[in-house]
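Residues per chain are reported as follows:
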Amino acid sequence: MRKVLFASICLAALAAAVPAQKAQHVAGAENSLRKYVEYLASDKLAGRRTGEAGATAAAAYIQGIFRAAKLKPGMGKDYLQPFPYVSGVVKGTGNLLVLTSKTPSGTRKLGIGENWLPSGYSPNAEIQHSPIVFAGYGIHSIELKYDDYAGLDVKGKVLLILDGTPDAGDPHSEFGRFNLHVKASIAKEHGASALLVIGSEKEFQNDHLSRLSYDQTFGELALPAAGISRAEGAALLGLDDPRSIAEFEKWNAARPVDAKITVRNPIDATARLRIDLKKKKASAYNVIGILPGTDPALKGEAIIIGAHYDHLGHGGQGSLDVNSSAIHHGADDNASGTSAILELASEFAARGDNKRTIIFMAFSGEEEGLIGSKYYVNNPVWPLNKTVAMINLDMVGRLNNQKLNVGGIGTASEWKTLVESKNGLRDPAISKIIFQPSVIPVSNGKVGLPVEPFNLALNEDGFGPSDHSSFYGKQIPVLFFFTGTHVDYHKPSDTAEKVNYDGLARITNYVADIVYTIDRDPRRPTYTTAKSSGIAGRSTGFSVSLGTVPSYADSTDGLVLDGVRDGSPAAKAGIKPGDKVVKLAGKEVRNVMDYTYILGELKAGEEYEVDLIRDGRHLMLKIVPAPAARR
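Residues numbered from 1 in each chain as written. Predicted model: local features only at pLDDT ≥ 70, side-chain atom pairs only at ≥ 80, totals over all residues. Heavy atoms only, no water.

(A) Spotlight on helix α7 (residues 371–378). Within α7, six of the eight residues are buried, leaving the element largely enclosed by the surrounding structure. Of the residues making up α7, those classed as buried are Ile371, Gly372, Ser373, Lys374, Tyr376 and Val377. (Buried < 20%, exposed > 50% of the residue type's maximum accessible area, 1.4 Å probe, protein only. Helix = DSSP H or I, 4+ residues; strand = E, 2+ residues; numbered from the N terminus.)

What follows is the structure in structure tokens.
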């Protein structure tokens, strides 16, 4: 009873002291967080796409904050950790497409950029004059009972196919996964030599096939491919004009018995195709600042606090405003998380009493598949076995109804108790970090400063769609803070004025409390294997699961696995993180797109062979996929 009474007296005293301090600390913290977000999400930084000038400027800005806080450079004399990054492709001088037919049009050399363009994902190749065969949308699926290849001999031939899918591109349909990468893999399996894809827009210059886009997470296509204009497609098909293709597409989708539209197949023409593309390499950086520990016994261990600072630039791949080339500001995603780690770095450095070493990291390449954080865990500046925890903040700027998602709860046995105990009660020893929030009455018998609690949504999984996943794959306990998606997610409208700065500051305080507690405890968090619960909240669209976490790094010779879930089909088969899958179910795997295509064709309960490379040796294992969890 006395302890409870003493605690109540302490709380009353703390509460009485707060009003005098609050205005200064609140104003200071919110002003700092707002300043950081407004700069990072400004037009000046043009969306901070990795490899572009805006991202490099953001890295320099973050480096300046770390330097001002007197953090030690993570790279010896430099705060910037460079990593390999391919920002796109450019046309070489040798691109060529020549169509030759016995019709009056004869031989035509198409104008690059006018009525044809190589796909940015195409491998370089030269195809001599080869027959052209029309194969509808280029889709073959036993599961969907759909086959555009029925009755066709396409071996050694160039396939002419329609862009899109038979359901008019409905993203929610079963055909949604049949993108160009999947179509190229199917075509290669059937023995085709190349793809010509008929655009979907009347004017080729308005078609997405007329733009040389590239995203290194997708990797190269399985065979050479190029887009051609609707007019050229209509001519090859023997249709009167480009408008006839639209009628053909409607007919092809319905497949009526009394079909009135016919196409010339086999096509009385050959194609000569040469593709010459060059990959553009760009500067990309993680920014790393180190605050050394002060305790002789604990300073050799590190806590990492991280956030990604990159976003989507002017849109394109990843944007949910697909036709927009406006700046995607990324205020919540993830200027908010970056601003939090900058504030935490400044405040912890000002205190200077951390027992363990605290490493602050701003990652780039997250939007393209966690590239920066994956590079770091394979090239760490601090031993991974001495890294006791990784705290990740991604999209923490839209606190609504006090709901805060915290992932990774199952990755350390202490996490759930710690996260819940710090909710609604601030530690007096750290109460001056950042600012004092408003005091509200609580009665829980604990010593501390009562504050407004969050409505916590806890998730056990350590894997997820952000940088903490890279660390959990190395068996490091993680915590992931996230306020949820919203209508502005991955759109130009994710701007600085929409950030809830009071909520952002409260989350920053909460994380500070948690980090402070981890830091002061001489026992390191106990790593545990977390249950898979899909923090991303997205359905994969697959009917089976293997339990693997694929790498999204640029690849043409196999898919490296970043992680394997315990107890999964992959784990039972003997597959390990770091293995490179080169064949699955007898089909070649060159990158993540090949892998996901094959995964979509597998059946639960059936046994398949997996050909992989481990430590330079080929291994052949057997795997039995499990039914995918339905959400």
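(B) Looking closely at empty space enclosed by the protein. Under the defined criterion, the tally for this structure stands at two cavities of 30 Å³ or more. In this structure, the second largest cavity spans a volume of roughly 30 Å³. Among the residues making up the lining of the second largest cavity, the classes are represented as seven nonpolar, one polar and no charged. (1 Å grid on protein atoms, 1.4 Å probe; cavity = no way out; pocket = protein on both sides within 12 Å on 5 of 7 lines; lining within 4 Å. Points joined across faces, edges and corners; volume = space filled by probe spheres on them. Nonpolar A, V, L, I, M, F, W, Y, C, P; charged D, E, K, R; others polar.)

(C) Inspection of the packing of aromatic side chains at higher detail. Summed over the entire model, instances satisfying the criterion amount to 15 aromatic pairs. Look at Tyr146 and Phe175: their rings are 5.2 Å apart centre to centre, the planes differ by 75 degrees, and that puts the pair in the edge-to-face class. Separated by 29 residues along the polypeptide, Tyr146 in strand β9 (residues 146–147) and Phe175 in the loop between β10 (158–162) and α3 (180–189) bring together distant segments of the chain. Across this residue pair, the class does not change: Tyr146 and Phe175 are buried. Linked through ring pairs, Tyr36, Tyr39 and Tyr61 together constitute an aromatic cluster. Residue placement shows Arg506 over the ring face of Phe454; its charged tip is 4.4 Å from the ring centre. (Phe/Tyr/Trp six-rings, centres within 6.5 Å; stacked < 30°, edge-to-face > 60°. Lys NZ or Arg CZ within 6 Å of the ring centre and 35° of its normal.)

(D) Region of the structure containing unusual backbone geometry. Omega for the bond connecting Asp333 with Asn334 falls within 30 degrees of zero, at -5 degrees, which places this linkage in the cis form. Examined against the element boundaries, Asn334 turns out to sit in helix α6 (residues 331–351). Even without being a glycine, Ala585 presents a positive backbone phi close to 55 degrees. You can see Ala585 is positioned in the loop between β27 (580–584) and β28 (587–588). Of note in this structure, Asp615 is not a glycine but carries a positive phi near 55 degrees. On the secondary structure map, Asp615 appears in the loop between β29 (608–614) and β30 (617–623).

(E) Quick peek at the nonpolar core. Core analysis: the biggest nonpolar cluster contains 80 residues, and Ile132, Leu159, Leu160, Leu196, Ile575, Leu584 and Ile623 have the highest contact counts within it. Broken down by element, this core gets its largest block of residues, six residues, from helix α12 (residues 592–599). Sequence-distant contacts of Ile575, that is, excluding residues within four places in its chain, are made with Leu561, Val564, Ala570, Val610, Leu612, Arg614, Leu621 and Ile623. Within the second largest apolar cluster, 66 residues are counted, among which are Leu40, Tyr79, Ile507 and Ile514. (Core = buried A, V, L, I, M, F, W, Y, C linked by side-chain atoms within 4.5 Å. Contact = heavy atoms within 4.5 Å.)

(F) Fine view of the pattern of salt bridges. By the definition in use, this model includes 22 salt bridges. As a salt-bridge pair, Arg398 and Asp494 come within 3.9 Å of each other at their nearest N and O atoms. You can see Arg398 sitting in the loop between β18 (387–393) and β19 (403–407) and its partner Asp494 sitting in the loop between β23 (478–482) and α10 (501–520), a full 96 residues away along the chain. Each of the two residues, Arg398 as well as Asp494, counts as buried. Between Asp488 and Lys498 there is a salt bridge, with its nearest N and O atoms 3.3 Å apart. With Asp488 in the loop between β23 and α10 and Lys498 in the loop between β23 and α10, this pair connects stretches of sequence that are 10 residues apart. Accessibility expressed as a relative area gives 8% for Asp488, which makes it buried. Among the ionic contacts, a cluster of salt bridges with common partners joins Arg398, Asp488, Asp494 and Lys498. (Salt bridge = Lys/Arg side-chain N within 4 Å of Asp/Glu carboxyl O.)

(G) Structural context of α10. In this model, α10 (20 residues) spans 28 Å end to end at C-alpha, consistent with the 28 Å of a helix rising 1.5 Å per residue. For α10, the tally of buried residues reaches 17 of 20 residues, placing the bulk of the element in the interior. Residue Asn500 occupies the N-cap position of α10, its side-chain oxygen lying 3.4 Å from the main-chain nitrogen of Asp502. (Expected span 1.5 Å × (residues − 1). Polar contact = N/O pair within 3.5 Å; in protein donor to acceptor, adjacent residues only side chain to side chain.)

(H) The pairing of strand β7 (residues 125–134), seen in detail. In terms of strand pairing, β7 meets strand β13 (residues 267–275) through six bridges, oriented antiparallel. Opposite Ser130, over in β13, you have Ala271 as the bridge partner. In terms of strand pairing, β7 meets β10 through three bridges, oriented parallel. The partner of Phe134 across the bridge, within β10, is Leu160. (Pairing = 2+ DSSP bridges.)

(I) Region of interest: the sheet that holds strand β11 (residues 194–198). Ordered in space as β5-β4-β13-β7-β10-β11-β12-β6, the eight strands form an open sheet in which the pairing is mixed. Either end of the sheet is taken by a strand with one partner, and the two such strands are β5 (107–109) and β6 (116–118). On average, adjacent strands in this sheet sit at an angle of 25 degrees to one another, irrespective of strand direction. Sitting on the sheet, α3 touches β10 and β11, and the angle it makes with β11 is about 140 degrees. Where helix α4 (residues 230–237) meets the sheet, its contacts fall on β4 (96–101), β5, β7, β10, β11, β12 (225–228) and β13, and the angle it forms with β12 comes to roughly 95 degrees. (Axes fitted to C-alpha atoms, helices over the stretch in contact; angles between N-to-C directions.)

(J) Representation of the side chain of Asp148 in the model. Inspection of the secondary structure puts Asp148 in the loop between β9 and β10. A distance of 3.0 Å separates a polar side-chain atom of Asp148 from the backbone nitrogen of Tyr137.

(K) Molecular detail of the packing of α6 against α10. Between α6 and α10, the shortest axis-to-axis distance is 10 Å and the interhelical angle comes to 50 degrees. The angle between α6 and α10 falls in the class oblique. Relative to α10, α6 is oriented so that their crossing is right-handed. Here Ser336, Ser339, Ala340, Glu343, Leu344, Phe348 and Arg351 of α6 lie close against α10, whose contacting residues are Leu504, Thr508, Val511, Ala512, Val515 and Tyr516. When the residues that make up the contact of α6 with α10 are grouped by side-chain class, the tally is eight nonpolar, three polar and two charged. (Parallel < 35°, antiparallel > 145°, perpendicular 65-115°, else oblique. Left-handed = near helix turned anticlockwise from the far one by under 90°.)

(L) Structural context of the packing of helix α2 (residues 53–68) against α6. It is the contact of α2 with α6, at a shortest axis distance of 9 Å, that shows an interaxial angle of 20 degrees. Accordingly, the angle class assigned to the pair α2 and α6 is roughly parallel. In this structure, α2 crosses over α6, and the sense of that crossing is right-handed. Within the contact between the two elements, α2 uses Tyr61, Ile62, Ile65 and Phe66 and α6 uses Thr338, Leu342, Ala345 and Ser346. Split into classes, the residues belonging to the contact of α2 with α6 amount to six nonpolar, two polar and no charged.

(M) Seen up close, the environment of Ser130. Looking at where Ser130 falls in the secondary structure, it is placed in strand β7. Separated by 142 residues in the primary sequence, Ser130 and Arg272 place their C-alpha atoms 6.6 Å from one another. Looking at Ser130, its side chain comes within polar contact range of the main-chain oxygen of Gln128, at 2.7 Å.

(N) Highlighting the confidence of the model for the protein chain. For the protein chain, the average pLDDT comes to 85, and 85% of its residues sit at 70 or higher. This stretch, residues 431–447, has a pLDDT under 50; its non-local contacts, to residues over four places away or in other chains, come to 56 contacts. Low confidence marks residues 534–540, where pLDDT is under 50. Its contacts with residues over four positions away, or in another chain, come to 13 contacts. (pLDDT = per-residue confidence, 0-100.)

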